[in-house]
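Residues per chain, in single letters:
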Amino acid sequence: MIPEIGQFALIVALCIAVIQALVPLAGASFGIQRWVALAVPAALAQLLFVGIAYGCLTWAFLSHDFSVLYVAQHSNTKLPLIYRISGVWGSHEGSLLLWTLVLALWSGAVALFTPGVPRVMRARVLAVLGMVSCGFLLFVIGTSNPFERLLPAAAEGSDLNPLLQDIGLAIHPPLLYFGYVGFSVAFAFSIAALISGQVDSAWARWARPWTNIAWLFLTLGIALGSWWAYYELGWGGWWFWDPVENASFMPWLIGTALMHSLAITEKRGTFKAWTALLSIFAFSLSLLGTFLVRSGVLTSVHAFASDPSRGKYILGFLAVVVGGSLALYAWRAPLLRSAAQTRLLSRDGTLLLNNAFLSVVTGAILLGTLYPIAIDAMGGKISVGPPYFNLMFISLTAPLGVLIGIGMLIRWKQDSLQRLFDQLKVPALLVVALALALSLALPQWLWGAFLGIAMALWISVTAVITIHRRFHNRALLSTLRSTPAGFYGMLLGHLGIAVFIIGITLTSLYTQEKDLRMAPGDSYTVAGYEFTFRGVRKFNIENYVATRGSFSVRSSDGGFQTDLFPEKRIYLVRNNPMTEAAIDAGLTRDLFIALGEPLDEQGAWAVRIYYKPFIRWIWLGAIIMAIGGLFAASDRRYRSLSRRRARVSQDAARQVS
Amino acid sequence: MTPARKKRLALILLMVGGVATGVGFALKSLDQNIMFFFSPSEVISGKAPTDKLFRMGGMVVEGSVHRPGDGLTVEFDLTDNEHSVIVKYTGILPDLFREGQGIIANGKLNASGEFIAEEVLAKHDENYMPPELADMHDGKESAQ
């Protein structure tokens, strides 16, 4: 009964979404206030019904209802409670339902938390979100029904993929979806502005906090995925340029560009057309990501069992969304011309360059990701490996690091080369000297390390100067109070990048890795740490059997000692083997041990040992960036300005009616 | 041309130049970093390069996996049900590497026609079959 309620709720939600998509839009065009007023309740009602559907599926998981095919395939009576909750999005049907729920949540948030946005504008935004929602609800109901019955019911479920039975992966998809789908709000604002033809910089201000929040979720989601891959897959890597990783990274890059171009559009009223285009691209890339993952054109950890009709549907949907919004853009873009000039030597100019680099990097990644698929369609079989992506990414983002520093100090509108040079020559020399000293202290001189450290220092030093300039010769308290949160957000975002750069530079260049055969009693030294293997023991735990290796680790000076217990697990229901690495985490280094396979009767095992310097800084940097995003989104000027706007719009509304 | 227009033009040229350089860079490095895929039959018939890394995919022949010596080197036969090639790999095999499973190996051929793998991939799904192999088995698959 419960699954049928869920199914019914989905259909009701679709009907509401159709109303939400059409009626307010028509009302806005013909000036019918009642129709416009329908947008908010429709969005909230849609949220309610999608929520009910989602709740029903969760209930089916919690109550072990194996008469629901999806539950029978992805759960088991032995599955721990938390993985029954996260199991809902453990595969295709449920994760699409989560997508739809997240979209409904964002729509609901737009309905409730945009007090300053004129009602007509809000109605248009909600209508656009409603259209997207229609697309996804149709997809769920038509091709991926999570409530499909299995008759007769299975006696026992076939368990959740053991890879997904992990806390990191339990929260990775929701975070990622909040990010992906969050870009639909900026997209909807742009489309709404294009439809109305009233494109002033106000919409940039409305779209900004939403974009920041979406971006921060996406940042955390990607970082969490990377962290999970690091400790769960047993390869010790943190990024593989897997097409699915790229699918999440491309919207992030364009989203980053969008945040910056929204800043120019809000501040200077320029680049309106470009900003609108970026918001279309950010959301289109999110959809493309969904297509790549769900259609089965890619085979990877993320690509669930696929069905060609699904791929065709998403591809069609993608074509409608991208084609439709680009057509609208082409029609309306001439309205977006701005009168102001942009000079290269100004903050506007550096932000523009930032956008150019980020877009080109995204283009390069898109090329590398889609090329094999295009060749495959023509009958060839190729793959594009990490060397391509590393080369492209590093060579194109290195100039961005330099730009961050200049961008924080340069003036809006127009600056002089002389002034910049005077300001930056001392910090630049200081950075080079410090970077030289630090990289000489490393175990081995590497140019890459020097450049990475110099880049991180450059960003940090210019950030300090930026702070100094704001607080210099002013009363501390009142300056603290008058400084907008966005300023701290900007600083944190950039410092996060600096921390991240240190992490990737040192990890990639100074990691030590050893695959070796170890019998009980054997010792091996990696990077000054002596690893001794004491043998393995078997344990029976809930839904798996673990072969647990025991290692003692000692630093050669004796100052550090610990025990590590990597596991080889066999998950009983599917008879799946899994490697569970043991990691001793630290701020300056991780020690990582993974068990390979047993080699002989005497208890020797293949063992993988890693020494990974500064790897935590990668995720730490991402967390700092995300906090920066939170600061930026919480800037009070969005609220105060929107209040002022609210009065203006009420007047406007009165005039309309 | 007014100075403002000149600047605008310079800006546009700079951007076009940047994009062109980027695209040029991308295509060149793409060209250098593409790995081609071959089946064991294609390798036997000499279609695979002898000096470049490539990918080979197939099924691990039942009973062929063994470890010569006492190190981490493992040897097995990879087949596409017509021909098979000996693969040598030193290191830790992925969790889902099993006899009878589809895998993909990245590596090079040595002088005696053995495939020296630098990396062995088995996907994390018990039903996984390399897409390239799935094509070869299309007839069989759909008959099931």
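Reading the values: rules and limits
- Residues numbered from 1 in each chain as written.
- Chains lettered and ligands numbered in written order.
- Predicted model: local features only at pLDDT ≥ 70, side-chain atom pairs only at ≥ 80, totals over all residues.
- Helix = DSSP H or I, 4+ residues; strand = E, 2+ residues; numbered from the N terminus.
- Buried ≥ 20, exposed ≤ 12 C-beta atoms within 10 Å, placed from the backbone.
- Contact = placed C-beta atoms within 7 Å.
- Pairing = 2+ DSSP bridges.
- Axes fitted to C-alpha atoms, helices over the stretch in contact; angles between N-to-C directions.
- Expected span 1.5 Å × (residues − 1).
- Core = buried A, V, L, I, M, F, W, Y, C linked by C-beta atoms within 7 Å.
- Nonpolar A, V, L, I, M, F, W, Y, C, P; charged D, E, K, R; others polar.
- Parallel < 35°, antiparallel > 145°, perpendicular 65-115°, else oblique.
- Left-handed = near helix turned anticlockwise from the far one by under 90°.
- pLDDT = per-residue confidence, 0-100.

J.: Run through the overall build of chain B, naming residues and quoting values.
T.: A count of helices and strands for chain B gives four helices and six strands. Secondary structure of chain B in N-to-C order comes out as α-β-α-β-β-β-β-β-α-α. Here chain B, with 144 residues, has 28% of them falling under the buried criterion. When contacts within chain B are restricted to residue pairs at least 6 apart in sequence, those whose partners lie at least 24 apart make up 48%.

J.: Go over the overall build of chain A with me, naming the residues and quoting the values.
T.: Across its full length, chain A carries 20 helices and 11 strands. Projected onto its principal axes, the C-alpha coordinates of chain A cover approximately 85 × 75 × 55 Å. Here chain A holds 657 residues, and the buried ones make up 51% of them. Sequence separation of 24 or more characterises 76% of the internal contacts of chain A that already satisfy a separation of 6 or more.

J.: An account of the pairing of strand β4 (residues 529-541) of chain A is requested, with residue identities and associated values reported.
T.: All names here are of chain A. Taken together, the four bridges between strand β3 (residues 523-526) and β4 define a ladder with antiparallel strand orientation. In the strand pairing of β4, S523 is matched with T532. Here β3 folds back onto β4, and the loop between the two strands holds two residues, one of which, A527, carries a positive phi near 50 degrees. Pairing analysis gives 12 bridges linking β4 to strand β5 (residues 544-555), with the strands arranged antiparallel. Its bridge partner being in β5, F533 is matched across the sheet by F551. What sits between β4 and β5 in their antiparallel hairpin is a turn of two residues.

J.: Can you tell me about the sheet that holds strand β10 (residues 589-598) of chain A, naming the residues and giving the values?
T.: Residues and elements named next belong to chain A. Pairing in this open sheet of four strands is antiparallel, and the strands run β2-β11-β10-β9 from one edge to the other. With one partner strand each, in any of the chains shown, β2 (512-518) and β9 (582-584) form the two edges of the open sheet. Averaged over all neighbouring strand pairs, the angle between strand axes comes to 15 degrees, with direction disregarded. Where β9 and β10 come together, three bridges link them in antiparallel fashion. Across the sheet, D584 pairs through a bridge with L591, a residue of β10.

J.: Describe helix α19 (residues 616-633) of chain A, and please don't skip the residues or the numbers.
T.: Every α-helical turn comprises 3.6 residues, leaving residues that sit three or four positions apart pointing alike. Here α19(A) contains 18 residues, and its C-alpha end-to-end distance of 26 Å stays within 8% of the 26 Å for a straight helix at 1.5 Å per residue. Along α19(A), 13 of the 18 residues are buried, which leaves the element largely enclosed by surrounding structure.

J.: So what's going on with the environment of A:W274? Residues and values would help.
T.: Relative to the helices and strands, A:W274 is located in helix α11 (residues 272-294). Between the alpha carbons of A:W274 and A:R337 there is a distance of 10.0 Å; along the sequence they are 63 residues apart.

J.: Explain helix α8 (residues 167-196) of chain A residue by residue, including any values.
T.: An ideal rise of 1.5 Å per residue puts 44 Å on 30 residues; α8(A) measures up with 45 Å between its terminal C-alpha atoms. Trailing α8(A) by a residue or two, A:G197 shows a phi angle of about 75 degrees, which is positive.

J.: Explain the nonpolar core residue by residue, including any values.
T.: Among the nonpolar cores identified, the biggest contains 186 residues, and A:A13, A:A53, A:L126, A:F189, A:I254, A:A282 and A:V361 are the most heavily contacted of them. For this core, the element with the most residues is helix α9 (residues 202-232) of chain A, which contributes 19 residues. Among all residues touching A:V361, those that are not within four sequence positions of it are A:L253, A:M392, A:F393, A:L396 and A:T397. Listed in part, the 21 residues of the second largest apolar core include B:F38, B:L78, B:V85 and B:I104.

J.: Can you tell me about the interface of chain B and chain A, naming the residues and giving the values?
T.: On the side of chain A, 36 residues touch chain B, which itself brings 31 residues to the contact. Taken together, the elements giving at least two residues each to the side of chain B that touches chain A come down to α1 (3-33), β1 (34-38) and α3 (131-136) of chain B. Along the lines of polarity and charge, the residues of the side of chain B that touches chain A split into 16 nonpolar, seven polar and eight charged.

J.: Describe the packing of helix α10 (residues 243-268) of chain A against helix α13 (residues 347-377) of chain A, naming the residues involved and giving the relevant values.
T.: All names here are of chain A. Between α10 and α13, whose axes approach to 9 Å, the crossing angle comes to 160 degrees. Between α10 and α13, the angle is such that the two are roughly antiparallel. Once α10 is placed against α13, the crossing between them reads as left-handed.

J.: Which residues make up the packing of helix α1 (residues 2-30) of chain A against helix α7 (residues 119-143) of chain A, and what are the values?
T.: All names here are of chain A. Two elements in contact, α1 and α7, have axes whose closest approach is 7 Å; the angle formed by their N-to-C orientations is 150 degrees. As far as their axial angle goes, α7 and α1 are roughly antiparallel. As α1 runs across α7, the sense of the crossing is left-handed. Considering only residue class, the contact of α1 with α7 consists of 20 nonpolar, four polar and one charged.

J.: Just give me the short version of unusual backbone geometry, but keep the residues and values in it.
T.: Residue and element names in this part refer to chain A. Residue P152 is bonded to the preceding L151 through a cis peptide linkage, with omega at -5 degrees. Assignment of secondary structure puts P152 in the loop between α7 and α8. Of note, the phi angle at H64 is positive, near 55 degrees, even though the residue is not glycine. Considering the arrangement of structural elements, one finds H64 in the loop between α3 (39-62) and α4 (69-74).

J.: Give a detailed account of the environment of A:A17, specifying residues and quantitative values.
T.: Mapped onto the elements of the fold, A:A17 is located in helix α1. Filtering out sequence-adjacent residues up to four positions away, A:A17 remains in contact with A:Q46, A:G130, A:S133, A:C134 and A:L137.

J.: Would you mind going over the confidence of the model for chain B in detail, with residue names and values included?
T.: Residues and elements named next belong to chain B. Of all residues in chain B, 84% have pLDDT values of 70 or greater, and the mean over the chain is 78. The secondary structure element of chain B with the lowest average pLDDT is helix α4 (residues 138-143), at 33, and the one with the highest is strand β4 (residues 84-90), at 93. Predicted confidence for residues 125-133 stays below pLDDT 50, and this span has 16 contacts to residues more than four positions away or in other chains. Across residues 136-144, confidence stays below pLDDT 50; counting only partners more than four residues off in sequence or on other chains, it has three contacts. Two numbers describe this predicted complex: its pTM, 0.90, and its ipTM, 0.76.

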